[in-house]
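A look at the structure
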Amino acid sequence: DTPTTIASEIILLGLDDWTGNKISEIGSLQPADPGRGLEGEEELAEFKLTAPKLKGVSLTYTPTARVMYNYQTKSTIQFSFATTELIRGEPQQSTVQVTTTGGPFSIVLRGSLPVISSTNPTAKVQLEIQNVGGGVAGVSKNANDIDSINFDITRKKPDGTGFSCNPAIGNIRLIGGKSRILTCTITLSPSSISRADFATAVVDINLNYYYIVDTQTSVKVKGTT
(Lines give C-alpha, C1' and ligand atoms only; values in the text may rest on other atoms or scores of the structure.)
Protein backbone atom coordinates (compact mmCIF):
# COMPACT_ATOMS: atom_id res chain seq x y z
CA ASP A 1 0.00 0.00 0.00
CA THR A 2 1.07 3.60 -0.60
CA PRO A 3 1.23 5.67 2.61
CA THR A 4 -1.41 8.37 2.94
CA THR A 5 -0.17 11.95 2.48
CA ILE A 6 -0.14 13.92 5.72
CA ALA A 7 -1.01 17.54 6.39
CA SER A 8 1.33 19.22 8.85
CA GLU A 9 2.16 22.46 10.61
CA ILE A 10 4.97 23.85 12.77
CA ILE A 11 4.28 25.78 15.98
CA LEU A 12 6.95 27.73 17.88
CA LEU A 13 6.61 27.50 21.66
CA GLY A 14 8.51 29.32 24.40
CA LEU A 15 8.62 32.71 22.68
CA ASP A 16 5.55 34.27 24.26
CA ASP A 17 7.00 37.80 24.46
CA TRP A 18 8.21 37.75 20.85
CA THR A 19 5.95 39.22 18.16
CA GLY A 20 5.13 37.71 14.79
CA ASN A 21 3.38 34.66 13.39
CA LYS A 22 4.53 31.55 15.26
CA ILE A 23 2.55 29.03 13.19
CA SER A 24 3.52 27.80 9.70
CA GLU A 25 1.19 25.60 7.64
CA ILE A 26 3.33 23.22 5.59
CA GLY A 27 0.53 21.46 3.72
CA SER A 28 0.58 17.81 2.65
CA LEU A 29 3.79 15.79 2.73
CA GLN A 30 4.45 12.29 1.47
CA PRO A 31 5.52 10.03 4.35
CA ALA A 32 8.42 7.61 4.19
CA ASP A 33 7.79 4.34 2.33
CA PRO A 34 10.24 1.78 3.82
CA GLY A 35 9.00 -0.92 1.45
CA ARG A 36 10.34 1.09 -1.50
CA GLY A 37 13.29 2.61 0.34
CA LEU A 38 11.88 6.14 0.07
CA GLU A 39 12.48 8.85 2.67
CA GLY A 40 9.72 11.17 3.86
CA GLU A 41 9.17 14.36 1.88
CA GLU A 42 10.89 17.50 3.21
CA GLU A 43 9.70 21.10 3.38
CA LEU A 44 11.27 24.35 4.63
CA ALA A 45 9.47 26.75 6.98
CA GLU A 46 10.70 30.26 7.82
CA PHE A 47 9.61 32.49 10.71
CA LYS A 48 10.12 36.26 10.92
CA LEU A 49 9.83 37.30 14.56
CA THR A 50 10.80 40.36 16.57
CA ALA A 51 12.58 39.84 19.87
CA PRO A 52 11.52 41.89 22.92
CA LYS A 53 13.46 45.07 23.65
CA LEU A 54 15.99 44.49 26.43
CA LYS A 55 17.97 47.30 28.08
CA GLY A 56 21.35 46.31 29.42
CA VAL A 57 20.51 42.66 30.00
CA SER A 58 20.78 39.48 27.98
CA LEU A 59 18.33 36.58 28.00
CA THR A 60 18.62 33.07 26.60
CA TYR A 61 15.44 31.57 25.20
CA THR A 62 14.91 27.84 24.59
CA PRO A 63 12.13 27.73 21.99
CA THR A 64 10.56 24.48 20.90
CA ALA A 65 9.56 23.76 17.30
CA ARG A 66 6.52 21.51 17.47
CA VAL A 67 5.66 19.69 14.25
CA MET A 68 2.11 18.33 14.10
CA TYR A 69 1.14 15.77 11.45
CA ASN A 70 -2.44 14.79 10.68
CA TYR A 71 -1.73 11.11 10.06
CA GLN A 72 -3.44 7.89 9.04
CA THR A 73 -1.90 4.42 9.30
CA LYS A 74 -3.60 1.60 7.38
CA SER A 75 -3.21 -2.07 8.31
CA THR A 76 -4.53 -5.23 6.69
CA ILE A 77 -4.51 -8.32 8.90
CA GLN A 78 -5.07 -11.75 7.38
CA PHE A 79 -5.87 -14.52 9.85
CA SER A 80 -5.50 -18.12 8.66
CA PHE A 81 -7.09 -20.42 11.23
CA ALA A 82 -6.37 -24.12 11.25
CA THR A 83 -9.54 -26.15 11.82
CA THR A 84 -9.98 -29.22 14.01
CA GLU A 85 -10.87 -31.23 10.93
CA LEU A 86 -7.69 -30.08 9.15
CA ILE A 87 -5.22 -30.86 11.95
CA ARG A 88 -6.55 -34.40 12.41
CA GLY A 89 -4.95 -35.35 9.13
CA GLU A 90 -1.60 -33.57 9.63
CA PRO A 91 -0.30 -31.11 12.26
CA GLN A 92 -1.09 -27.57 11.13
CA GLN A 93 -0.70 -24.19 12.79
CA SER A 94 -2.82 -21.06 12.51
CA THR A 95 -0.91 -18.06 11.10
CA VAL A 96 -1.35 -14.30 10.73
CA GLN A 97 0.04 -11.78 8.23
CA VAL A 98 0.03 -8.02 8.98
CA THR A 99 0.66 -5.41 6.27
CA THR A 100 0.98 -1.79 7.47
CA THR A 101 1.69 1.46 5.63
CA GLY A 102 4.80 3.38 6.65
CA GLY A 103 4.43 5.56 9.72
CA PRO A 104 5.06 5.85 13.46
CA PHE A 105 2.51 3.17 14.45
CA SER A 106 2.37 -0.57 13.96
CA ILE A 107 -0.03 -3.38 14.89
CA VAL A 108 1.30 -6.78 15.99
CA LEU A 109 -0.29 -10.03 17.13
CA ARG A 110 0.36 -11.14 20.71
CA GLY A 111 0.48 -14.87 21.41
CA SER A 112 -0.69 -17.54 18.97
CA LEU A 113 -3.93 -18.09 17.10
CA PRO A 114 -6.35 -20.80 18.23
CA VAL A 115 -7.84 -23.64 16.20
CA ILE A 116 -11.50 -23.23 15.20
CA SER A 117 -14.21 -25.44 13.74
CA SER A 118 -17.58 -25.11 12.05
CA THR A 119 -19.23 -25.83 15.40
CA ASN A 120 -16.99 -23.38 17.26
CA PRO A 121 -16.17 -20.62 14.73
CA THR A 122 -15.12 -17.97 17.28
CA ALA A 123 -11.53 -17.04 18.15
CA LYS A 124 -10.10 -14.57 20.65
CA VAL A 125 -6.86 -12.81 19.65
CA GLN A 126 -4.73 -10.05 21.13
CA LEU A 127 -3.53 -7.15 18.98
CA GLU A 128 -1.03 -4.59 20.25
CA ILE A 129 -0.95 -1.05 18.86
CA GLN A 130 2.62 0.26 19.16
CA ASN A 131 3.99 3.80 18.88
CA VAL A 132 7.38 3.09 17.28
CA GLY A 133 8.20 6.72 16.43
CA GLY A 134 9.89 9.39 18.52
CA GLY A 135 6.83 11.55 19.15
CA VAL A 136 3.42 11.46 20.82
CA ALA A 137 -0.04 10.98 19.32
CA GLY A 138 -3.43 12.54 19.97
CA VAL A 139 -6.90 12.34 18.45
CA SER A 140 -6.90 16.14 18.08
CA LYS A 141 -4.65 19.17 18.61
CA ASN A 142 -6.15 19.60 22.08
CA ALA A 143 -3.67 18.90 24.90
CA ASN A 144 -6.37 16.85 26.68
CA ASP A 145 -6.43 14.38 23.77
CA ILE A 146 -2.72 13.52 23.88
CA ASP A 147 -1.80 9.79 24.11
CA SER A 148 -4.97 8.71 22.28
CA ILE A 149 -5.65 7.53 18.73
CA ASN A 150 -8.76 6.60 16.75
CA PHE A 151 -9.08 2.89 15.87
CA ASP A 152 -11.50 2.13 13.02
CA ILE A 153 -12.46 -1.06 11.15
CA THR A 154 -13.06 -0.31 7.46
CA ARG A 155 -13.58 -3.81 6.04
CA LYS A 156 -14.14 -7.39 7.13
CA LYS A 157 -14.26 -10.41 4.86
CA PRO A 158 -15.59 -12.88 4.02
CA ASP A 159 -19.12 -11.53 4.36
CA GLY A 160 -20.65 -12.36 7.70
CA THR A 161 -17.37 -12.12 9.63
CA GLY A 162 -17.75 -10.56 13.07
CA PHE A 163 -14.99 -8.51 14.70
CA SER A 164 -15.17 -6.69 18.04
CA CYS A 165 -12.54 -5.54 20.52
CA ASN A 166 -12.07 -4.53 24.14
CA PRO A 167 -11.49 -1.62 24.53
CA ALA A 168 -14.18 -0.87 21.98
CA ILE A 169 -13.38 0.44 18.53
CA GLY A 170 -13.16 4.25 18.53
CA ASN A 171 -10.87 6.57 20.47
CA ILE A 172 -8.35 4.49 22.43
CA ARG A 173 -6.03 5.69 25.19
CA LEU A 174 -2.43 4.49 24.91
CA ILE A 175 -0.60 3.21 27.99
CA GLY A 176 2.30 5.57 28.67
CA GLY A 177 1.69 7.04 25.23
CA LYS A 178 3.41 4.02 23.68
CA SER A 179 1.11 1.03 23.29
CA ARG A 180 -2.26 -0.59 24.00
CA ILE A 181 -3.30 -4.24 23.86
CA LEU A 182 -6.76 -5.00 22.48
CA THR A 183 -8.51 -8.31 23.07
CA CYS A 184 -10.55 -8.98 19.94
CA THR A 185 -13.15 -11.59 19.07
CA ILE A 186 -13.39 -12.89 15.50
CA THR A 187 -16.42 -14.94 14.48
CA LEU A 188 -16.55 -16.60 11.07
CA SER A 189 -19.74 -17.85 9.49
CA PRO A 190 -19.79 -21.68 9.68
CA SER A 191 -20.39 -21.85 5.91
CA SER A 192 -17.00 -20.16 5.28
CA ILE A 193 -15.10 -22.88 7.16
CA SER A 194 -13.87 -25.77 5.02
CA ARG A 195 -12.99 -29.13 6.53
CA ALA A 196 -10.00 -29.52 4.22
CA ASP A 197 -8.43 -26.06 4.31
CA PHE A 198 -7.57 -23.09 6.51
CA ALA A 199 -10.38 -20.70 7.46
CA THR A 200 -9.32 -17.19 6.44
CA ALA A 201 -10.54 -13.83 7.73
CA VAL A 202 -9.25 -10.43 6.60
CA VAL A 203 -9.69 -7.21 8.59
CA ASP A 204 -8.72 -3.71 7.41
CA ILE A 205 -7.88 -1.25 10.21
CA ASN A 206 -7.29 2.50 10.07
CA LEU A 207 -5.48 4.37 12.84
CA ASN A 208 -6.23 8.12 12.70
CA TYR A 209 -4.29 10.61 14.84
CA TYR A 210 -2.21 13.76 15.09
CA TYR A 211 1.46 12.97 15.57
CA ILE A 212 3.58 15.49 17.45
CA VAL A 213 7.37 15.78 17.38
CA ASP A 214 9.24 18.45 19.38
CA THR A 215 12.73 19.84 18.71
CA GLN A 216 14.34 22.38 21.03
CA THR A 217 17.12 24.92 20.45
CA SER A 218 18.49 28.02 22.20
CA VAL A 219 18.58 31.69 21.17
CA LYS A 220 20.48 34.40 23.07
CA VAL A 221 19.15 37.95 22.91
CA LYS A 222 21.57 40.71 23.97
CA GLY A 223 20.03 43.96 25.18
CA THR A 224 21.59 47.33 24.42
CA THR A 225 21.76 50.37 26.64
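Residues numbered from 1 in each chain as written. Predicted model: local features only at pLDDT ≥ 70, side-chain atom pairs only at ≥ 80, totals over all residues. Heavy atoms only, no water.

Quick word on the state of the cysteines
Tallied over the full model, the rule gives one disulfide. The disulfide that involves Cys165 links it to Cys184, with 2.1 Å between the sulfurs. When the S-S torsion is 100 degrees, as for the bridge of Cys165 with Cys184, the disulfide is right-handed. You can see Cys165 sitting in strand β10 (residues 162-166) and its partner Cys184 sitting in strand β12 (residues 179-187), a full 19 residues away along the chain. (Disulfide = S-S within 2.5 Å. Helix = DSSP H or I, 4+ residues; strand = E, 2+ residues; numbered from the N terminus.)

Section: the sheet that holds β12
The strand order β6-β7-β12-β10 describes an open sheet built from four strands, whose pairing is antiparallel. A strand with exactly one partner marks an edge of an open sheet, and here the two such strands are β6 (105-110) and β10. Each strand of the sheet is rotated relative to its neighbour by a mean of 30 degrees, with strand direction disregarded. (Pairing = 2+ DSSP bridges. Axes fitted to C-alpha atoms, helices over the stretch in contact; angles between N-to-C directions.)

Some remarks on the nonpolar core
Ranked by size, the top nonpolar core spans 32 residues in total, and within it Phe81, Phe105, Phe151, Ile205 and Leu207 carry the most contacts. Of all the elements, strand β13 (residues 199-216) adds the most residues to this core, at seven residues. Phe105 has contacts with Thr73, Thr100, Ile129, Gln130, Asn131, Val132, Ala137, Ile149, Leu174, Leu207, Tyr209 and Tyr211, leaving out every residue within four places of it along the chain. Judged by nonpolar contacts, the second largest core, of six residues, contains Leu12, Trp18, Leu54 and Val221. (Core = buried A, V, L, I, M, F, W, Y, C linked by side-chain atoms within 4.5 Å. Buried < 20%, exposed > 50% of the residue type's maximum accessible area, 1.4 Å probe, protein only. Contact = heavy atoms within 4.5 Å.)

Thoughts on unusual backbone geometry
Residue Pro158 is reached from Lys157 by a cis peptide bond, and omega for that bond is 5 degrees. Here Pro158 shows up in the loop between β9 (148-157) and β10. Note that the residue after Asn166, namely Pro167, is joined by a cis bond; omega there is 5 degrees. Within the fold, Pro167 resides in the loop between β10 and β11 (170-173). Backbone geometry at Asp147 places phi at a positive 70 degrees, although glycine is not the residue there. Within the secondary structure, Asp147 is located in the loop between β8 (136-138) and β9. Look at Asp147 and you get partly exposed, because its relative accessible area is 24%.

What about the pairing of strand β4 (residues 64-81)?
Of the strand pairs in this sheet, β4 and β13 are connected by 18 bridges, and their pairing is antiparallel. For Gln72, the partnering residue across the bridge sits in β13 and is Asn208. Direction of pairing for β4 relative to strand β5 (residues 95-100): antiparallel, over a ladder of six bridges. Residue Thr76 lies in a different strand from β5, and its bridge partner there is Thr99.

Concerning the packing of aromatic side chains
Summed over the entire model, instances satisfying the criterion amount to seven aromatic pairs. With centroids separated by 6.2 Å and ring planes inclined at 75 degrees, the aromatic side chains of Tyr209 and Tyr211 adopt a geometry described as edge-to-face. Accessibility assignment for this pair places Tyr209 and Tyr211 in one class, buried. Among the aromatic residues, those joined into a ring-pair cluster are Tyr69, Tyr71, Phe105, Tyr209 and Tyr211. (Phe/Tyr/Trp six-rings, centres within 6.5 Å; stacked < 30°, edge-to-face > 60°.)

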